[in-house]
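# Structural overview
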Amino acid sequence: MSPHLRYQGRTTAALQKLLDGQTTEGARVVRRAKGFSDHNVISALVRTGWLEPRASGPRGGTRWFTTSTGAAAAAVA
């Protein structure tokens, strides 16, 4: 089952991460107050094959980039 990219006409966090993954910097996990994180959204997109992790530097950071199937899904949404 694929993540929802639009809900009631509004973009979801999954679509925003796919669009961020198409940039040269790639998408990253955002940690916010009270324990909220985008990690579960990115994990779901990786499981569907729409994002792929790549190392972002020598100290072990990870950024996620959109695959071709993820770009096609984002274009349709």
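Coordinates for the structure precede this section.
Residues numbered from 1 in each chain as written. Predicted model: local features only at pLDDT ≥ 70, side-chain atom pairs only at ≥ 80, totals over all residues. Heavy atoms only, no water.

## What about the pattern of salt bridges?
To be explicit about the condition: Salt bridges are defined as contacts in which a side-chain nitrogen from Lys or Arg sits within 4 Å of a carboxyl oxygen from Asp or Glu.
Under the criterion given, the structure shown has three salt bridges. The network of salt bridges with common partners includes Lys17, Arg32 and Asp38.

## Some remarks on helix 1 (residues 13–21)
Rule in force here: Burial classes: relative accessible area under 20% of the type maximum marks a residue as buried, over 50% as exposed, and values in between as partly exposed (1.4 Å probe, protein chains only). Secondary structure follows DSSP: runs of H or I at least 4 residues long count as helices, runs of E at least 2 residues long count as strands, and numbering of each begins at the N terminus. Arc definition: it is the arc formed by the directions from the helix axis to the C-beta atoms.
Along helix 1, the positions that sit buried rather than exposed are Ala14, Leu15, Lys17, Leu18 and Gly21. End-on view of helix 1: buried residues confined to an arc of 160°, all on one side of the axis.

## As for the nonpolar core
How we decide: Definition of nonpolar core: a set of buried residues of the types Ala, Val, Leu, Ile, Met, Phe, Trp, Tyr and Cys, connected through side-chain atoms within 4.5 Å.
Formed by 14 residues in total, the largest nonpolar core has its most connected members in Leu5, Leu18, Leu45, Trp50, Leu51 and Trp64. Of all the secondary-structure elements, those providing two or more residues to this core are helix 1, helix 2 (39–48) and helix 3 (68–76).

## As for unusual backbone geometry
Of note, the phi angle at Gln8 is positive, near 50°, even though the residue is not glycine. For Gln8, a relative accessible area of 67% gives the class exposed. At Lys34, a residue that is not glycine, the phi angle is positive and equals roughly 60°. Lys34 sits in the exposed class, given a relative accessible area of 88%.

## Quick notes on the packing of helix 1 against helix 2
Our working definition: Helix axes are fitted to C-alpha atoms over the stretch in contact, other axes to C-alpha atoms as well, and angles between N-to-C directions run from 0 to 180 degrees. What sets the label is the angle itself: under 35 degrees gives roughly parallel, over 145 gives roughly antiparallel, 65 to 115 gives roughly perpendicular, and the rest give oblique. Note: crossing handedness is left-handed where the near helix turns anticlockwise from the far helix by less than a right angle, and right-handed where it turns clockwise. Residues are treated as being in contact if the distance between any of their heavy atoms lies within 4.5 Å. Charged residues are taken to be Asp, Glu, Lys and Arg, nonpolar residues to be Ala, Val, Leu, Ile, Met, Phe, Trp, Tyr, Cys and Pro, and polar residues to be all remaining types, Gly included.
At a minimum axis separation of 10 Å, helix 1 and helix 2 run at an interaxial angle of 70°. It follows that helix 1 is roughly perpendicular to helix 2 by the angle criterion. Once helix 1 is placed against helix 2, the crossing between them reads as right-handed. On the side of helix 1, the interface is formed by Ala13, Ala14, Lys17 and Leu18, while helix 2 contributes Val41, Ile42 and Leu45. Of the residues that constitute the contact of helix 1 with helix 2, the class distribution is six nonpolar, no polar and one charged.

## Brief notes about the side chain of Lys17
Relative to the assigned elements, Lys17 resides in helix 1. The exposure class assigned to Lys17 is buried, which follows from its relative accessible area of 5%. When residues no more than four places from it in sequence are discounted, the contact partners of Lys17 are Ala27, Arg28, Val30, Asp38, Val41, Ile42, Leu45, Leu51 and Thr66.

## As for the environment of Tyr7
We count it as follows: Polar contacts, as used here, are pairs of N or O atoms within 3.5 Å; protein pairs need one atom able to donate a hydrogen and one able to accept it. Residues neighboring in sequence count only if both atoms are side-chain atoms.
On the secondary structure map, Tyr7 appears in strand 1 (residues 6–7). In this structure the C-alpha to C-alpha distance between Tyr7 and Ala55, which are 48 residues apart in sequence, comes to 32 Å. Polar side-chain contacts of Tyr7 include one of 3.4 Å to the side chain of Gln8.

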